[in-house]
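One letter stands for each residue in the lines below.
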Amino acid sequence: MKDLTTETNSARDKLFNISILSLIILAVPAFALSIIQIIENGPILNFVLFCVAVLFAIIIFIFRNKLSIKLKSHLIASLFIIAGFIGNLFFAFSGGHYLCLIGIAIITVLYGKRLGIIYSIITLLGYILNQYIVLNNIIVREIDFNTFNKDILSWVYGLFTIVITSIILIGSISYINKAFINLVKKLDKNNNQLNTLNSAYKEVFVKVEESERKYKTIFNTLNEGVILTDQDGNIIDCNSASQDILGASKEDLLSVNLHSKNFSFIYPNLSPVPDDECPGIKTLEKGISISNFEVGLQQENQIKWIGLSSEPLKVEGYGVFLTLEDLTREKEQEQEYLLFNRYFETFLEHITDYVLFKNEYGKIIFCSQSLATLTGYSNWKDIIGKSYEDLTFKDKAKEYQEEDDNVFQTGVQLKGKVNLFYDADGEIRHEQTNKIPLFDDDRKVIGIISISRDITDLLKEKEIIREKEAKINLILNSTAEGIYGIDNNGNCTFANQSCLDMLGYAKEEEFLGKNMHNLIHHSYANGSPMSSHDCNINYTINHGEGMTSDKEVFWRKDGSCLPVEYFSYIQMHDGIIVGSVVTFLDISERKKREKQIISFTKKLQKLNSDKDKFIGILAHDLKNPFTSIIGFSQYILDNLEEIDKETLKEFTGIINDSSEKGYKLMEEILVWLRVRSGMMDVDKKEFELKPVVLHTFKNLKTHAQIKNITLSCSIPDNLYIEADINILKTILRNLVSNSIKFSNKNGVIEVGSEEKDNKIQITISDNGVGMDQEFANQLFISDSNETKEGTQGEKGTGLGISIVKELIQKHEELIWVESELGKGSNFIFTMPKAESKN
């Protein structure tokens, strides 16, 4: 707010400016008249003084901003009064006293009645003095515009007018000014109070903004989720933690109403939480506070556990203040802790070693059930809080305590110390003890873990074993079989001399303590690595089941492999698997004989299969042509005299066709048998390809003409290949015949070629019926002789494609088919390109 004093001074300044400007304007006519008189009559004193007064007023107006308000107020009031005096004194203006009244009014308005009265007295005295000077002719007017001032009554009347008017002006203006000043003071006081309040408000507002920023910062950095709702249950604000916990964006949460949105919370027992039991709704409806309400929220493949608390907000427009704490990790840790305790207690209850945990005060805090049983307690928990002196082995307490004190002082573990002790029956036993220090963060020993094992029986067994080992070694080194033993970790415990000799080692020490799988059984015969998991010998140890194999190898020291037949037997001690013994034989010669037998067996199986196929073809496919020949020829012989010429010609044609089919079938069978029996040799020569194709077309022209099929050759001249020309003719004849068989009338069969990677790809393509992908995939599979009828019912043996495949394989080349049902087929095979043209 603006200061009212400043506003008042500004108003005074404006009043001063208006007053002095009015005075100057009022004086302009008289000033002009004075100038004229001075010009016409010379420098007359009264005119000169008047002009000086006017000029002085003008100077004050020009420099008004350089003067103080109070000085300017006195000057303007004085100028008005002086102007009135000069007017009355020199010009006898009867209205001069009104200028004096204006001066009195101005100073009274600006500074109150006190100055107004002073200025009124000065004006009255000046007016009396002025009249005295004129009446006594002390100053003679050179120009007298009227006779008003010559009459004493007129002066008295003027004086009375000034007095009365001054009293009225001073009284009324003083009353108004006083009221105005009191009002200004009150307003100024109120203004100061308002300014104070405004400053305080600004300070409070700044603090509120700062607090809001701090609140927002804290609000959004809290680990706990925070949600605010209005009185209708609409979420109006939420922090980042609540978004993370609920797995929703802020925009999604701000669109939620607690009454209409259920997050599908569940109780710890996995039953659903009813809507009216959810803390937010319950607090909103009943106005009660709820703390640490534990619920689960299903998110993807896991449940997020949340602790909900809700407080009613007793502020108009607000509803509920919800806090959410992610308890998932806490629940997991709780479960982990419970699971650890369960594991730990199970460990203590079932471990056979004597386990003891002591704190820095010498008190037992945990121990194994085996120790409790040894010391006469039924439950290990009964020993908690006791010391060595409280247990049955009191005679050993001092020795044990000295061991503990040394560990506490040095922080060094006690390893493998063997002690004598008495069990509950008074029998002397041997124990092997390890004592491990437990440190805090400052490396101060705060406890000891003592683990002791009764090794009495072990020592006895070692003695027995030493005696047996001498006998066993004598037996082991007398056998021709390789024998070695391994422990449960697969490390060698012994090896006989035969094992060393067969695997190329000189001393048993080269085996002892080493992992035998990694040393001699690490790979298969083909060199691929064998994992320990796949090792049958390790399987014996892990599963307690003996294994044998004659399909694996052991690896000698020089890196060569040795075919062996091995037997792996588990070794038990007191019902516990302690290792395995492996015996093995060198079966190199046996493997050679097995390979020969397998080879002979495969050849016999192939010959037997060929025999069965051959018999099947003879029994079925050859039967039909000969049946036709015998039937029709017998009919002709029996009815020769009665048969007409046309019928005879027809029957003779059938007999000829059947004979050709039988001959062709026999020819295919002979070729097939030669190929399958290995009697067909490949005589490769270099020759031009195109003439061979054209020769094949010539031999098959008659068959193609029956269906009006066009045979086309796109093979260029002077293209030479290296192959057996007779075998190639057989291949081409079979493939082109096959295309004719499965082509429709007016079809086209083309034989083309393409050079790729120094090979010639020969393609027999047709636009016949084609085949589906499944049939095409089975076409060249070995021993598959499936056949189908041609487009005019032509039958076949199914040997043609098989012969082609065998003949191409004898050239060590490839054949394949590309076909689409209803669009035709492309049979493609390769032959080597000839390096020279002979």
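You'll find the structure just up there.
Quick summary incoming for the structure in this document.

The helix and strand inventory of the chain stands at 23 helices and 23 strands. Scored against the burial criterion, the 838 residues of the chain give a buried share of 38%. Accessible area for the chain stands at about 48,900 Å²; split by element, carbon and sulfur atoms hold 56% of it.

Strands sit in the order E18-E20-E21-E23-E22 across an open sheet of five strands; the sheet is mixed. What marks the edges here is a single partner per strand, and that holds for strand E18 (710–713) and strand E22 (815–820). On average, each strand axis in the sheet is tilted by 20° relative to the strand beside it, whichever way the strands run. As paired strands, strand E20 (residues 748–756) and strand E21 (residues 759–766) are joined by eight bridges and run antiparallel to one another. Bridge pairing in E21 links lysine 756 to lysine 759. In the packing of helix H20 (residues 689–706) onto the sheet, contacts are made with E18, E20 and E21, and the angle to E18 comes to roughly 180°.

Side chains carrying opposite charge are able to pair once their charged atoms draw close together. Evaluated as defined, the whole model comprises 27 salt bridges. Among the salt bridges present, the one from glutamate 403 reaches lysine 435, with a minimum N-O distance of 3.0 Å. Taken together, the residues span a long stretch of sequence, with glutamate 403 in helix H12 (residues 397–410) and lysine 435 in strand E10 (residues 428–439) at a distance of 32 residues. The shortest N-O distance in the salt bridge between lysine 690 and aspartate 717 comes to 3.2 Å. Taken as a pair, lysine 690 in helix H20 and aspartate 717 in the loop between E18 and strand E19 (720–723) lie far apart in primary sequence, 27 residues in all. Three or more residues are tied together by salt bridges with common partners; here these are Lys358, Glu399, Glu403, Asp404, Lys417 and Lys435.

Before going further, it helps to spend a moment on the sheet that holds strand E9 (residues 414–422). Here five strands make up an open sheet; going across it, the order is E8-E7-E11-E10-E9 and the pairing antiparallel. Unpaired on one side and paired on the other, strand E8 (364–367) and E9 mark the two borders of the sheet. Across this sheet, the average inter-strand angle for adjacent strands is 25°, counted without regard to direction. Bridging between E9 and E10 involves seven bridges; their strand directions are antiparallel. Its bridge partner lying in E10, asparagine 419 is registered against glutamate 431.

What follows concerns the packing of aromatic side chains. Taken as a whole and assessed by the stated rule, the structure comprises 14 aromatic pairs. Relative to phenylalanine 366, the ring of phenylalanine 357 lies with its centre 5.8 Å away and its plane at 85°, an arrangement referred to as edge-to-face. Residue classification places phenylalanine 366 among the partly exposed positions, given a relative accessible area of 31%. An angle of 15° between the planes, with centres 5.8 Å apart, marks the rings of phenylalanine 554 and tyrosine 566 as stacked. Residue phenylalanine 554 is located in strand E14 (residues 547–555), and its partner tyrosine 566 is located in strand E15 (residues 561–573); the two are separated by twelve residues in the primary sequence. The burial state of phenylalanine 554 is the same as that of tyrosine 566; both residues are buried. A network of ring pairs unites the aromatic residues Phe340, Phe344, Phe347, Phe357, Phe366 and Trp380 as a single cluster. The side chain of lysine 331 reaches across the aromatic face of tryptophan 305, ending 4.9 Å from its centre. Its guanidinium or amino end placed over the ring of phenylalanine 439, arginine 443 lies 3.8 Å from that ring's centre, counting from NZ or CZ.

Leu689, Ile731, Ile764 and Phe829 are the most contacted members of the largest nonpolar core, which has 40 residues in total. With residues up to four places along the chain from it excluded, the contact list for isoleucine 764 reads Leu732, Leu735, Val736, Ser739, Ile749, Glu750, Val751, Ser825, Asn826, Phe827 and Phe829. If you look at the next biggest cluster of nonpolar residues, it comprises 23 residues, including Ile235, Phe265, Cys278 and Ile281.

Turning to H20, a few remarks are in order. If you check H20, its first and last C-alpha atoms are 27 Å apart, about what 18 residues at 1.5 Å a residue would give, namely 26 Å. Within H20, the axis deviates most sharply at leucine 700, by approximately 55°. Those residues of H20 not exposed but buried are Leu689, Val692, Val693, Thr696, Phe697, Leu700 and Ala704. Residues of H20 that are buried sit in contact with strand E17 (685–688), E18, E19, helix H21 (725–741), E20 and E21. The first or second residue beyond H20 is asparagine 708, which carries a positive phi of 55°.

Our focus in this paragraph is H21. In a regular helix each residue adds 1.5 Å, so 17 residues correspond to 24 Å; H21 covers 24 Å between its end C-alpha atoms and thus fits that length. At the N-terminal end of H21, a side-chain oxygen is found 3.1 Å from the backbone nitrogen of asparagine 726, two or three residues along, and the residue is aspartate 724.

Below, the discussion takes up the pairing of strand E2 (residues 235–238). One ladder, built from three bridges, connects strand E1 (residues 225–230) with E2; its direction is antiparallel. In the sheet register, isoleucine 227 faces E2, and the bridge partner there is cysteine 238. Counted between consecutive antiparallel strands, the loop separating E1 from E2 contains four residues, among which glycine 233 sits at a positive phi close to 95°.

Within the secondary structure, glutamine 243 is located in helix H7 (residues 240–246). Beyond its immediate sequence surroundings of up to four residues, glutamine 243 is in contact with Cys238, Ala248, Ser249, Lys250 and Leu253.

Moving on, we get to a nonpolar patch on the surface. Judged by side-chain polarity, Ile59, Ile62 and Phe63 come together as a nonpolar surface patch covering roughly 300 Å² of accessible area. You can see phenylalanine 63 is positioned in the loop between helix H2 (45–62) and helix H3 (69–91).

Take the environment of glycine 103 next. Residue position: glycine 103 is located in helix H4 (residues 96–111). Judged by relative accessible area, glycine 103 falls into the buried class, the value being 0%. With residues up to four places along the chain from it excluded, the contact list for glycine 103 reads Ala77, Phe80 and Ile81.

Our next topic: the environment of phenylalanine 780. Take phenylalanine 780: it is sitting in the loop between helix H22 (773–778) and helix H23 (799–810). Through-space distance from the C-alpha of phenylalanine 780 to that of tryptophan 816 is 7.7 Å; in sequence the pair is 36 residues apart. Residue contacts for phenylalanine 780: discarding those within four places in its chain leaves Ile801, Lys805, Ile815, Trp816, Val817 and Phe827.

Here strand E7 (residues 354–359) runs beside strand E11 (residues 445–454); their pairing, made up of six bridges, is antiparallel. What sits directly across from phenylalanine 357, in E11, is isoleucine 449. In this sheet, E11 lies alongside E10 in antiparallel orientation, the contact comprising nine bridges. Bridge pairing links glutamine 432 to arginine 453 in E11. In this antiparallel pair of consecutive strands, E10 and E11, the connection spans five residues, and arginine 443 shows a positive phi of 65°.

Rules of the game
Residues numbered from 1 in each chain as written. Predicted model: local features only at pLDDT ≥ 70, side-chain atom pairs only at ≥ 80, totals over all residues. Heavy atoms only, no water. Helix = DSSP H or I, 4+ residues; strand = E, 2+ residues; numbered from the N terminus. Buried < 20%, exposed > 50% of the residue type's maximum accessible area, 1.4 Å probe, protein only. Areas by Shrake-Rupley, 256 points an atom, 1.4 Å probe, with all protein chains shown as cover. Pairing = 2+ DSSP bridges. Axes fitted to C-alpha atoms, helices over the stretch in contact; angles between N-to-C directions. Contact = heavy atoms within 4.5 Å. Salt bridge = Lys/Arg side-chain N within 4 Å of Asp/Glu carboxyl O. Phe/Tyr/Trp six-rings, centres within 6.5 Å; stacked < 30°, edge-to-face > 60°. Lys NZ or Arg CZ within 6 Å of the ring centre and 35° of its normal. Core = buried A, V, L, I, M, F, W, Y, C linked by side-chain atoms within 4.5 Å. Expected span 1.5 Å × (residues − 1). Bend = angle between axes of the 7 residues up to and from the residue. Polar contact = N/O pair within 3.5 Å; in protein donor to acceptor, adjacent residues only side chain to side chain. Patch = residues over 30% accessible without salt bridge, like charges linked within 9 Å, V, L, I, M, F, W, Y side chains within 5 Å.

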